[in-house]
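Analysis of the macromolecular model
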Amino acid sequence: MESIHFLSSDEAIRSIEANPYWPKWNSPWWHMSVLFEMGMAHRIPKVAVQKMLSEIKRTHLPYFFREEAPADKGFHQEAPCPCALGNIYQILSATGLDVDAELPWARGWFLKYQMPDGGLNCDEDAYHADPNASSMVGTIAPLEAILTTHRTLTPEEEQFLDRGAKCLLDRELRRGSSSKYNADERSDEEDWLKPCFPRFYLYDVLRGLSFVLKWADHRNQPIAKSSIDTVVHHLEARHPDGQIRMERQSYEGIATKLESESWDWNRRQPATHFPLLDQVSQIGAISPDLTAQWNEARNAIRHLTQRRLLK
């Protein structure tokens, strides 16, 4: 597979050294993300995993707010955001890496920056503007990172998950923030009804549904059926044969911020893709990965109903 060969190459190593994340959508970060979402993280070459880890250690600060960062650090290029950290935590964990040993600050980072409404936001100013201005995009990956990595949860992590699940369920998995500050998020609600793959850091209702069902099972917590019914009925109606078809591309229309040759932050260029990304993201095509997730969700609904956790 071309992406696996690329991640073993000197070109990939140089790209990670230049910047672990940029440029979208054709740097090693995104190749690794697609393989992870396909359940193939174990095939990511170890050289890429170790280089990504070492560069995150070197460039990422365990802070989010400007006032927390040391004065001698280039804050905006080095501070993680919830969606990026939540995803790379899951990717590296899925390769077999002990992320908690290598990045011991990461799990506490998620908990520290949870907002009062139970979510998180990649916009630092949202925290100062409105305690209920969390973002679905900024929330879902950190919740997955804490829930789906294999370790015993602390009481604080359980509370983090419970508050996060409540945030999603209160929004019926499909509504954006009700806050004035984050009102723009509500314009994405129609897109969230359209499954996409790979998701990278973005949200759709199947992703949210999958999380809350796993949370309820793991935490033995009840879910009000009314909080998921609209989403479940929508998915059943749109995909009556049980096969989830691609309805949007997560990366469509989003250009890179980083010019890949000079690495000049003030220059922009159109984003580029890679063959595996194009192959798995064709509009109208059946997605085996999304279909498998939908089948798991339907089985989970039956299981939770039998346990009287879905009422």
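One can find the structure itself at the top, above this paragraph.
The following paragraphs examine the structure supplied in this document. For every chain, the first residue of the written sequence is number 1, and numbering continues from 1 onward in sequence order. A pLDDT threshold of at least 70 governs which residues receive local features in this predicted model, and a stricter bar of 80 or more applies before side-chain atom pairs are shown or counted, although totals over entire chains, interfaces and linings include all residues. To get the side-chain values, all heavy atoms of the structure are used, and hydrogens and water are removed first.

**Quick word on the overall build of the chain**
- A tally of regular secondary structure across the chain gives 16 helices and zero strands.
- For 311 residues, the compact-globule estimate of 2.2 N^0.38 gives 19 Å, and the C-alpha radius of gyration of the chain, at 19 Å, lies within 12% of that figure.
- C-alpha atoms of the chain, sized along the principal axes, occupy 55 × 45 × 35 Å.
- A buried classification covers 53% of the 311 residues belonging to the chain.
- When contacts within the chain are restricted to residue pairs at least 6 apart in sequence, long-range pairs at least 24 apart make up 71% of them.
- Per element, the accessible surface of the chain, about 14,100 Å² overall, is 48% carbon and sulfur. Going along the chain from the N terminus, every DSSP run of H or I of four or more residues is numbered as a helix, and every run of E of two or more is numbered as a strand. A radius of gyration in this sense is built from C-alpha atoms; the matching globule rule multiplies 2.2 Å by the number of residues raised to 0.38. We call a residue buried when its accessible area falls under 20% of the maximum for its residue type, exposed when it is over 50%, and partly exposed in between, using a 1.4 Å probe and counting protein chains only. Whether two residues are in contact is decided by their heavy atoms, any of which lying within 4.5 Å being enough. Accessible surface area values rest on a Shrake-Rupley calculation with a 1.4 Å probe, where residue burial reflects the displayed protein chains alone.

**A word on the packing of helix α2 (residues 10–18) against helix α4 (residues 46–59)**
- Axis separation between α2 and α4 bottoms out at 9 Å; the angle between their running directions is 15°. By the criterion of interaxial angle, the relationship of α2 to α4 is roughly parallel. Where α2 crosses over α4, the two elements pack in a sense that is right-handed. Contact residues: I13, I16 and E17 in α2; V47, A48, K51, M52, E55 and R58 in α4.
- Gly counts as polar in this scheme, as do all residues outside two lists: the nonpolar Ala, Val, Leu, Ile, Met, Phe, Trp, Tyr, Cys and Pro, and the charged Asp, Glu, Lys and Arg. Split into classes, the residues belonging to the contact of α2 with α4 amount to five nonpolar, no polar and four charged. Orientation is described by lines fitted to C-alpha atoms, with helices fitted over the stretch in contact, and by angles between N-to-C directions that extend from 0 to 180 degrees. An angle counts as roughly parallel when it lies under 35 degrees, as roughly antiparallel when it exceeds 145, as roughly perpendicular when it falls between 65 and 115, and as oblique in every other case. Crossings are classed by handedness, with left-handed meaning an anticlockwise turn of the near helix from the far one by less than a right angle and right-handed meaning a clockwise turn.

**Structural notes on the nonpolar core**
- Nine residue types can take part in a nonpolar core, namely buried Ala, Val, Leu, Ile, Met, Phe, Trp, Tyr and Cys, and a core is a set of them joined through side-chain atoms within 4.5 Å. In this structure, L209, F211 and I228 are the most contacted members of the largest nonpolar core, which totals 90 residues.
- Counting residues per element, this core draws most heavily on helix α13 (residues 205–219), which supplies eight residues.
- Aside from chain neighbours lying at most four places away, what touches F211 is I140, L143, E144, L147, L161, A165 and L168.

**Section: the environment of R186**
- With respect to the secondary-structure elements, R186 resides in the loop between α11 (155–170) and α12 (189–192).
- Taking relative accessible area as the criterion, R186 reaches 34% and is therefore assigned partly exposed.
- When the C-alpha atoms of R186 and R174 are compared, they prove to be 9.3 Å apart, with 12 residues separating the residues in sequence.
- With near-sequence residues (within four places) excluded, R186 lies in contact with G176, S177, S178 and S179.

**Notes on the packing of aromatic side chains**
- Each Phe, Tyr or Trp ring, with Trp reduced to its six-membered ring, pairs with another whose centre is within 6.5 Å; inter-plane angles below 30 degrees give stacked pairs, above 60 give edge-to-face pairs, and intermediate values give tilted ones. This model, assessed by the stated rule, comprises 20 aromatic pairs.
- Aromatic pair W25 and F200: ring centres 5.2 Å apart, planes at 15°, arrangement stacked. Residue W25 is located in the loop between α2 and α3 (28–37), and its partner F200 is located in the loop between α12 and α13; the two are separated by 175 residues in the primary sequence. For the pair shown, W25 and F200 are each scored as buried.

Any functional reading would require information that these geometric values do not contain.
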